[in-house]
Amino acid sequence: RFYTDQALRHLDVSTEEEGKSESAIGFLISSLSGGVSSAHLVTATGGMGKSTLCHELAIALNKKFQGEKAVVLIKAESLRNNFSNEFVSNIEVRSLYDLYDLHAQISNLGAMYDRNHFQLCVLCGRSVVIFDGLDEFASILQERFSVADFLSSIRESHRQMGRGQVILTSWNMAFV
């Protein structure tokens, strides 16, 4: 394991109060177990361990949920390593599912959710989706990635049933 747990400053958007947790992974596991918010955005500069945090979080959540929930880790690094203009030329990402579908194609997943099944799993809180490198997805896909629509799809899925759980990491959010 190459992950060194770090403290995490967090903002409760409902109360606009800032807090601090001594364990980033502990805070995220606890937050996702409670199912209170639609998304958590983790921002940090390069080299701070966001990708490793995502990987370790996916492992820890799989152990915690033991099949009760699916944990889906989608990494921008996978897209970057398999990027070709021909492959992404007809791809448009406007929703959670669109990015999941792109991930499934790149990873050659044998079993994957169709749009309705994926959306139902997210709506009902039966899956936790972790997107590592939101800024990188936007950079790689450029005009083919609508960040506003993507974020709106997260908000909308949570608004409907209040159980969608998403983790996003980014170097910064200035691109939004």
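The structure contained in this document is the topic of the report that follows.

Criteria and cut-off values
- Counting restarts for each chain: residues are numbered from 1 in the order of the written sequence.
- This being a predicted model, a pLDDT of at least 70 is required before a residue's local features are given, and a value of 80 or more before pairs of side-chain atoms are given or counted; all residues contribute to the totals for chains, interfaces and linings.
- Side-chain measures here rest on the full set of heavy atoms in the structure, leaving out hydrogens and waters.
- Helical segments are the DSSP runs of H or I of at least four residues, strand segments are the runs of E of at least two, and each set is numbered from the N terminus.
- When we talk radius of gyration, it's over C-alpha atoms, and the globule rule is simply 2.2 Å times the number of residues to the 0.38.
- For every residue, the accessible area (1.4 Å probe, protein chains only) is compared with the maximum for its type, and the residue is labelled buried under 20%, exposed over 50%, or partly exposed between those bounds.
- Contact between two residues is taken to exist if any of their heavy atoms lie within 4.5 Å; hydrogens are not considered.
- Areas reported here follow the Shrake-Rupley algorithm with a probe of radius 1.4 Å; residue values treat only the protein chains shown as occluding.
- Counted as positive: Lys and Arg. Counted as negative: Asp and Glu, with His and the chain ends omitted from the count.
- Throughout, a charge is located at the NZ atom of Lys, the CZ atom of Arg, the CG atom of Asp or the CD atom of Glu.
- Put simply, the grid is 1 Å and covers the protein atoms alone, a cavity is a trapped set of points that fit a 1.4 Å probe, a pocket is an open set with protein on both sides within 12 Å along at least five of seven lines, and lining residues have an atom within 4 Å of a point.
- Grid points are joined across faces, edges and corners, and a volume is the space filled by probe spheres set on the points.
- The residue classification treats Ala, Val, Leu, Ile, Met, Phe, Trp, Tyr, Cys and Pro as nonpolar and Asp, Glu, Lys and Arg as charged. All others, Gly included, are polar.
- In this analysis, the expected span of each helix is defined as 1.5 Å times one less than the number of residues it contains.

Turning to the overall build of the protein chain, a few remarks are in order. When helices and strands are tallied, the protein chain shows eight helices and six strands. Its C-alpha atoms give the protein chain a radius of gyration of 16 Å, within 12% of the compact-globule value 16 Å for 176 residues. Dimensions along the principal axes, computed over C-alpha positions, put the protein chain at roughly 45 × 35 × 35 Å. Across the 176 residues that make up the protein chain, the buried fraction comes to 43%. Within the protein chain, contacts between residues at least 6 apart in sequence are counted, and of these 69% link residues at least 24 apart. As presented, the protein chain carries roughly 9700 Å² of accessible surface, and 48% of it is formed by carbon and sulfur atoms. Taken as two groups, the 16 positive and 20 negative side-chain charges of the protein chain have centres that lie 5 Å from each other.

With that settled, the discussion passes to the side chain of Ser127. Of note, Ser127 is situated in strand β5 (residues 127-132). The buried category is assigned to Ser127, whose relative accessible area is 1%. Sequence-distant contacts of Ser127, defined by excluding residues within four places in its chain, comprise Lys69, Ala70, Cys121, Val122 and Gln165.

A few words on empty space enclosed by the protein. Scanning the model with the defined rule gives one cavity of 30 Å³ or more in all. Here the largest cavity is characterised by a volume of approximately 40 Å³. Taken together, Ile74, Lys75, Ser78, Leu79, Leu99, Leu102, His103, Ile106 and Phe137 make up the full set of residues lining the largest cavity. Listing elements by their share of the lining of the largest cavity, those giving two or more residues are β4 (70-75), α3 (76-81) and α5 (96-107). Among the elements that make up the lining of the largest cavity, the one with the highest residue count is α5 (four residues). Partitioning the lining of the largest cavity into residue classes produces six nonpolar, two polar and one charged.

A rise of 1.5 Å per residue sets the reference length of helix α2 (residues 50-65), with its 16 residues, at 22 Å; its end C-alpha atoms lie 22 Å apart and thus fit the reference within 8%. Residues Lys50, Leu53, Cys54, Glu56, Leu57, Ala58, Leu61 and Phe65 constitute the buried set of α2. Among the structural elements, α1 (24-34), β3 (39-43), β4, β5 and β6 (165-170) are those in contact with the buried residues of α2. At the C-terminal side of α2, Gln66 shows a positive phi close to 40°.

The quantities given are spatial measurements derived from coordinates; they are silent on function.
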